[in-house]
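# Examination of the molecular architecture
Here is how the chains run, residue by residue.
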Amino acid sequence: MNAVRRTVRSTGAGLMAWLAGIVFFLPIAWMALTSLHSEADAATNPPSFTAPLTLDGYREFFGLTGGASPWPALINSTVASLTSTVLVLALALPAAYALSINRVRKWTDVLFFFLSTKMLPVVAGLLPIYLFARNTGLLDNIWLLVVLYTSMNLPIAVWMMQSFLAEVPVAVIEAARVDGARLPVILTRVIAPIALPGMAATALICFIFSWNELLFARVLTGVVAETAPVFLTGFITSQGLFLAKVCAASLVISLPVLAAGFAAQDKLVQGLSLGAVK
């Protein structure tokens, strides 16, 4: 009887997991299907699933029909997201070490301060940052976005890394110290390999936050440092919303995040569940 109940529960949990996956996948599938329709078919209500398929939306997005090329914006987003993520990891690792392993005084207050910085509405700091960028000549500069994304993601990265590094065995670190290893060697050759799943999860989340950021990129950039989300908003004009082209652009811009998540899914699950089971 117990075996039957366990089987029923396992089957029910599996069905619920599949149902949740389908629900989350449906918007992406709908967006992909809409991107393969013409503008006239994409605008129909209800949508026509049997409409002929075309790649016109992708041709327009990539500028093959005479429009603006998306490659500069995609390159800017890649540079800003990857560079800021690397800087965040480089800064968060020693900070998390000081808050989890070699703890500083009042480390809980430090963690709360880091978390409290995320409670400030982003729009509240927009005007001072804009005035600073204008007075220093940093408007429309991709490296300003790198600094902003690094500072925005660093608190959450330190908070996550602190919980991951707290699971690193202290005996391993003490053995490295006995062998004469200094702090840089301990961080890079001892702690980093052990906490790699947590670092991968942190890096993926920081990359997603940086890639999807729109407000600062919209206000502080123009043509040179325009990012992919800002380029995407250019498809919404006074002439109307070109649904097929917007879906094609959204799908292409979402691919790097989806690819990164798929490639690091094992590390992401392992990192996010690190410390959940002793």
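All of these numbers come straight from a predicted model, not from anything done at the bench.

## Here's the deal with the overall build of the protein
Per the secondary structure count, the protein includes 14 helices and two strands. Dimensions of the protein along its principal axes, counting C-alpha atoms only, are 75 × 70 × 30 Å. A total of 278 residues make up the protein; the buried ones form 33% of that total. In the protein, 76% of the contacts between residues at least 6 apart in sequence involve partners at least 24 apart. Carbon and sulfur atoms make up 70% of the accessible area of the protein, which totals about 16,300 Å². Here the protein holds 16 positive side-chain charges and 12 negative ones, and the gap between their average locations is 14 Å.

## Notes on the packing of helix 4 (residues 71–100) against helix 10 (residues 196–212)
Packing of helix 4 against helix 10 brings their axes to within 9 Å, and their N-to-C directions diverge by 140°. Seen from above, helix 4 lies across helix 10 with right-handed handedness. Residues Leu74, Ser77, Thr78, Ser81, Leu82, Ser84, Thr85, Val88 and Leu89 of helix 4 lie in contact with helix 10, whose contacting residues are Met199, Thr202, Ala203, Cys206, Phe207, Ser210 and Trp211. Split by residue class, the contact of helix 4 with helix 10 holds nine nonpolar, seven polar and no charged.

## Thoughts on the packing of aromatic side chains
Applying the stated criterion to the full structure yields four aromatic pairs. Centre to centre, the rings of Phe61 and Phe62 are 4.9 Å apart; their planes meet at 75°, and the pair counts as edge-to-face. The exposure class of Phe62 is partly exposed, given its relative accessible area of 25%. In this structure, Lys245 packs its charged tip against the face of Phe242, placed 4.8 Å from the ring centre.

## Some remarks on the nonpolar core
Core analysis: the biggest nonpolar cluster contains 25 residues, and Leu93, Met161, Leu165, Ile186 and Ile191 have the highest contact counts within it. At the level of secondary structure, the elements contributing two or more residues to this core comprise helix 4, helix 5 (107–116), helix 7 (142–165), helix 8 (170–178), helix 9 (183–194) and helix 10. Judged by nonpolar contacts, the second largest core, of 18 residues, contains Met31, Tyr58, Ala228 and Ile253.

## Focus on the pattern of salt bridges
Following the criterion strictly, the structure yields two salt bridges and no others. Residue Lys245 is joined to Glu60 by a salt bridge in which the shortest nitrogen-to-oxygen separation is 3.5 Å. One end of the pair, Lys245, is in helix 13 (residues 243–263); the other, Glu60, is in helix 3 (residues 56–61), with 185 residues separating them in the sequence. The partly exposed category is assigned to Glu60, whose relative accessible area is 29%.

## Notes on the side chain of Thr202
Inspection of the secondary structure assignment puts Thr202 in helix 10. When neighbours within four sequence positions are excluded, Thr202 is seen to be in contact with Leu89, Ala157, Met160, Met161 and Phe164.

## Examining the packing of helix 8 against helix 9
Each packed pair of helices is defined by two parameters, the angle between the axes and the distance between the axes. Where helix 8 meets helix 9, the closest approach of the two axes is 11 Å, and the angle between their N-to-C directions is 160°. One finds that helix 8 runs roughly antiparallel with respect to helix 9. Crossing geometry of helix 8 relative to helix 9 is assigned as right-handed. Contacts from Val172, Ile173, Ala176 and Arg177 of helix 8 reach helix 9 at Ile186, Val190, Ile191 and Ile194.

## A closer look at unusual backbone geometry
Phi is positive for Asp140, close to 60°, though the residue is something other than glycine. Here Asp140 is to be found in the loop between helix 6 (126–136) and helix 7. When its relative accessible area of 23% is taken as the criterion, Asp140 is described as partly exposed.

## Let's talk about the environment of Pro27
Note that Pro27 resides in helix 1 (residues 2–35). By relative accessible area, which is 52% here, Pro27 ends up exposed. Along the backbone, Pro27 and Phe112 are 85 residues apart, and their C-alpha atoms lie at a distance of 36 Å.

Analysis parameters
Residues numbered from 1 in each chain as written. Predicted model: local features only at pLDDT ≥ 70, side-chain atom pairs only at ≥ 80, totals over all residues. Heavy atoms only, no water. Helix = DSSP H or I, 4+ residues; strand = E, 2+ residues; numbered from the N terminus. Buried < 20%, exposed > 50% of the residue type's maximum accessible area, 1.4 Å probe, protein only. Contact = heavy atoms within 4.5 Å. Areas by Shrake-Rupley, 256 points an atom, 1.4 Å probe, with all protein chains shown as cover. Lys, Arg positive; Asp, Glu negative; His and termini not counted. Charge placed at Lys NZ, Arg CZ, Asp CG, Glu CD. Axes fitted to C-alpha atoms, helices over the stretch in contact; angles between N-to-C directions. Left-handed = near helix turned anticlockwise from the far one by under 90°. Nonpolar A, V, L, I, M, F, W, Y, C, P; charged D, E, K, R; others polar. Phe/Tyr/Trp six-rings, centres within 6.5 Å; stacked < 30°, edge-to-face > 60°. Lys NZ or Arg CZ within 6 Å of the ring centre and 35° of its normal. Core = buried A, V, L, I, M, F, W, Y, C linked by side-chain atoms within 4.5 Å. Salt bridge = Lys/Arg side-chain N within 4 Å of Asp/Glu carboxyl O. Parallel < 35°, antiparallel > 145°, perpendicular 65-115°, else oblique.

Purely spatial values, then, with no claim about function.
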